[in-house]
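Geometric and topological summary
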Amino acid sequence: MSKVELVFKVLKEAEKPLKSKEIAELAGLDKKEVDKAIKILKKEGKITSPKRCYYAPAE
């Protein structure tokens, strides 16, 4: 599973929007890697940011 897929999986399983630091802890990844994955997922339209610095899967 790629880092991007792992970040998306963590977000889908979370009951609430998460910060990139929380995603990094849950996924066991470095925060910089999570930030890169978030950028890719946002560009693909798979995730949204309901409030500043929080991320959730797009409906």
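Cut-offs and rules
Residues numbered from 1 in each chain as written. Predicted model: local features only at pLDDT ≥ 70, side-chain atom pairs only at ≥ 80, totals over all residues. Heavy atoms only, no water. Helix = DSSP H or I, 4+ residues; strand = E, 2+ residues; numbered from the N terminus. Rg over C-alpha atoms; globule rule 2.2 N^0.38 Å. Buried < 20%, exposed > 50% of the residue type's maximum accessible area, 1.4 Å probe, protein only. Contact = heavy atoms within 4.5 Å. Lys, Arg positive; Asp, Glu negative; His and termini not counted. Charge placed at Lys NZ, Arg CZ, Asp CG, Glu CD. Salt bridge = Lys/Arg side-chain N within 4 Å of Asp/Glu carboxyl O.

Quick word on the overall build of the chain
- For the chain, the count of helices and strands is 3 helices and 3 strands.
- In the chain, the succession of α and β elements from N to C terminus is α-β-α-α-β-β.
- The globule rule puts the C-alpha radius of gyration for 59 residues at 10 Å, and the 10 Å found for the chain is close to it.
- The principal-axis extent of the C-alpha atoms belonging to the chain is close to 25 × 20 × 20 Å.
- Taking all 59 residues of the chain together, the buried fraction comes to 27%.
- Considering only residue pairs separated by 6 or more positions, the chain has 42% of its internal contacts joining residues 24 or more positions apart.
- Treating the 15 positive side-chain charges of the chain as one cloud and the 10 negative ones as another, the clouds have centres 6 Å apart.

Observations concerning the pattern of salt bridges
- Enumeration over the complete set of coordinates arrives at 5 salt bridges.
- Across the salt bridge formed by K21 and E25, the nearest N and O atoms sit 3.3 Å from each other. In this pair, K21 and E25 are both assigned in helix α2 (residues 20-27), 4 residues apart and thus about one turn of the helix distant. Taken individually, K21 and E25 each receive the classification exposed, so the pair is uniform in this respect.
- Measuring nitrogen to oxygen at the nearest pair gives 3.6 Å for the salt bridge that ties E44 to K46.
- Taking the relative accessible area as the measure of exposure, E44 reaches 48% and is therefore partly exposed.

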